[in-house]
Amino acid sequence: MICVLAGGVGAARFLRGLIQVVPAADITAIVNTGDDTILHGLNISPDLDTVTYTLANAIDPVRGWGLENESWTAMGALARFVDARPQGSSAAPTWFNLGDKDLATHFYRTARLSEGATLAQVTTEICKSFGVDVHLVPMTNDRVSTVVTLAQDCAAGSAGTEITFQEYFVKHQHSVAVRNVHFAGASTASALGLDALSSAQTIVIAPSNPLVSIAPLRALQGVDAALSKRRDSVVAISPIIAGAALKGPADRLMTELGHECSVVGVAKLYAPICGTLVIDSADAHLAQHVEAQGMRCVVADTVMSTPAKSQNLARVTLENAT
Ligand code: GDP
Ligand code: CA
């Protein structure tokens with residue numbers, strides 16, 4: 001069994017290649033839930049859904065999130081309530097787009113959770129309904145929330161305002177400077193997938209954001225310990241290429257939170273838990289600096305712009321996981 005530590009888009013692209021190389025049923029992906037939020041009273045798990053929709057070949061290829069052939073009738077109908085809602089109410093939020101078909105996933109998840117099912121159980125059911133055979137495991141059944149502290153005043157807020165990850169990522173389009181990130185609830189949450197972390201033949205840290213996708217998993221008790229114990233068979237793929245993220249705020253967050261924004265910065269973050277780092281050909285000149293962090297370094301084409309490239313990266317990654 002191969003175990004993959006996963007965020008959203010970067011992980012989903014890697015997993016779509018991995019299922020071409022090993023049977024989907026032999027893959028367990030432990031997925032970040034720090035991005036999870038409640039909107040309209042609905043439980044939303046963006047990273048789980050991105051991975052599920054991608055593996056089901058149902059993701060919108062242009063947006064990179066949500067379902068393809070989506071309609072937006074419900075979101076449009078919310079607009080009438082915006083003027084009616086009293087001050088201070090967060091009802092009818094329109095800053096977070098939820099397509100009509102996507103809403104059905106959140107309806108189902110919310111209904112099952114309210115019946116007493118765990119997030120892990122509901123995730124298995126949603127995967128089954130989408131025909132996804134990869135075993136997707138939320139990092140915990142408990143509530144853990146990624147909280148972002150802004151570096152400066154944010155609109156009416158004061159210095160050091162704390163906002164939820166989705167407010168940072170979607171409402172502010174990650175264009176505000178960040179001073180700190182923490183994972184509320186992580187110290188008491190119980191991690192899922194620890195058995196997979198000890199029994200997997202190989203563990204892959206997907207090319208996901210190290211600070212807001214992989215860090216929440218690592219914040220859970222037992223995860224770093226399980227990884228460091230067997231770091232020789234843990235291989236990571238850098239989401240930073242030529243000093244930049246392909247998408248999203250990973251590069252700015254690295255700098256803002258005091259890390260070197262390069263494959264060497266990624267190596268420093270992962271060296272305690274991971275024996276091998278796969279870096280892009282564009283960073284080949286930094287391979288010896290990665291190795292100076294005590295990791296093996298593999299140079300490969302890591303931009304997964306097509307399914308074939310995802311498959312090739314998955315193959316190279318597994319070949320170099322010893
Ligand atoms: P999110 O939760 O949807 O933001 O996604 P992730 O945390 O899984 O992935 C975001 C990171 O994936 C960004 O830092 C991107 O640079 C990285 N990423 C996305 N696509 C690719 C790719 O094709 N190759 C590599 N190496 N990194 C990628
Ligand atoms: Ca995410």
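So, here is what we can say about the structure in this document. All values derive from a computational prediction rather than experimental measurement.

1. What to know about the packing of aromatic side chains
Next, step 1: For the structure on display, the rule yields 5 aromatic pairs.
Next, step 2: Measuring from centroid to centroid gives 5.8 Å for Trp95 and Phe96, while their planes differ by 90°, and the two rings are edge-to-face.
Next, step 3: Put simply, the rings of Phe165, Tyr168 and Phe169 touch in pairs and so form one group of aromatic residues.
Next, step 4: Its guanidinium or amino end placed over the ring of Trp65, Arg63 lies 4.7 Å from that ring's centre, counting from NZ or CZ.

2. Quick notes on the site of ligand 1
Next, step 1: Around ligand 1 sit 21 residues, and of these Ser208, Ser213, Leu246, Thr302 and Met304 come closest.
Next, step 2: A distance of 2.6 Å separates an oxygen atom of ligand 1 from a polar atom in the side chain of Ser213.
Next, step 3: Here Thr302 contributes a backbone N or O atom positioned 2.6 Å from a nitrogen atom of ligand 1.
Next, step 4: For ligand 1, whose free accessible area comes to 590 Å², the fraction covered by protein is 93%.
Next, step 5: Among the elements that make up the shell around ligand 1, the one with the highest residue count is helix H1 (residues 9–21) (4 residues).
Next, step 6: Among the residues making up the shell around ligand 1, the classes are represented as 10 nonpolar, 8 polar and 3 charged.

3. Some words on the sheet that holds strand E14 (residues 296–300)
Next, step 1: Read across the sheet, 7 strands follow the order E5-E2-E1-E9-E10-E13-E14 without closing on themselves; strand pairing throughout is parallel. In this open sheet, the two edge strands, each paired with only one partner strand, are strand E5 (135–138) and E14. When strand polarity is set aside, the average angle formed by the axes of neighbouring strands in this sheet is 20°.
Next, step 2: In this sheet, E14 lies alongside strand E13 (residues 276–280) in parallel orientation, the contact comprising 5 bridges. Bridging across to E14, Ile279 finds its partner in Val299.

4. Considering the coordination of the calcium ion (ligand 2)
Next, step 1: Within the protein, the calcium ion (ligand 2) binds to Asp35 (OD), Asp47 (OD) and Asp47 (OD); these donor distances fall in the range 2.0 to 2.6 Å. Residue Asp35 is located in the loop between strand E2 (27–31) and strand E3 (37–39), and its partner Asp47 is located in helix H2 (residues 46–55); the two are separated by 12 residues in the primary sequence. Each member of the pair, Asp35 together with Asp47, is buried.

Parameters at a glance
- Residues numbered from 1 in each chain as written.
- Chains lettered and ligands numbered in written order.
- Predicted model: local features only at pLDDT ≥ 70, side-chain atom pairs only at ≥ 80, totals over all residues.
- Heavy atoms only, no water.
- Phe/Tyr/Trp six-rings, centres within 6.5 Å; stacked < 30°, edge-to-face > 60°.
- Lys NZ or Arg CZ within 6 Å of the ring centre and 35° of its normal.
- Near = heavy atom within 4 Å.
- Polar contact = N/O pair within 3.5 Å; in protein donor to acceptor, adjacent residues only side chain to side chain.
- Areas by Shrake-Rupley, 256 points an atom, 1.4 Å probe, with all protein chains shown as cover.
- Helix = DSSP H or I, 4+ residues; strand = E, 2+ residues; numbered from the N terminus.
- Nonpolar A, V, L, I, M, F, W, Y, C, P; charged D, E, K, R; others polar.
- Pairing = 2+ DSSP bridges.
- Axes fitted to C-alpha atoms, helices over the stretch in contact; angles between N-to-C directions.
- Donors = N, O, S within 2.8 Å, 3.2 Å for Na, K, Ca; no water.
- Buried < 20%, exposed > 50% of the residue type's maximum accessible area, 1.4 Å probe, protein only.

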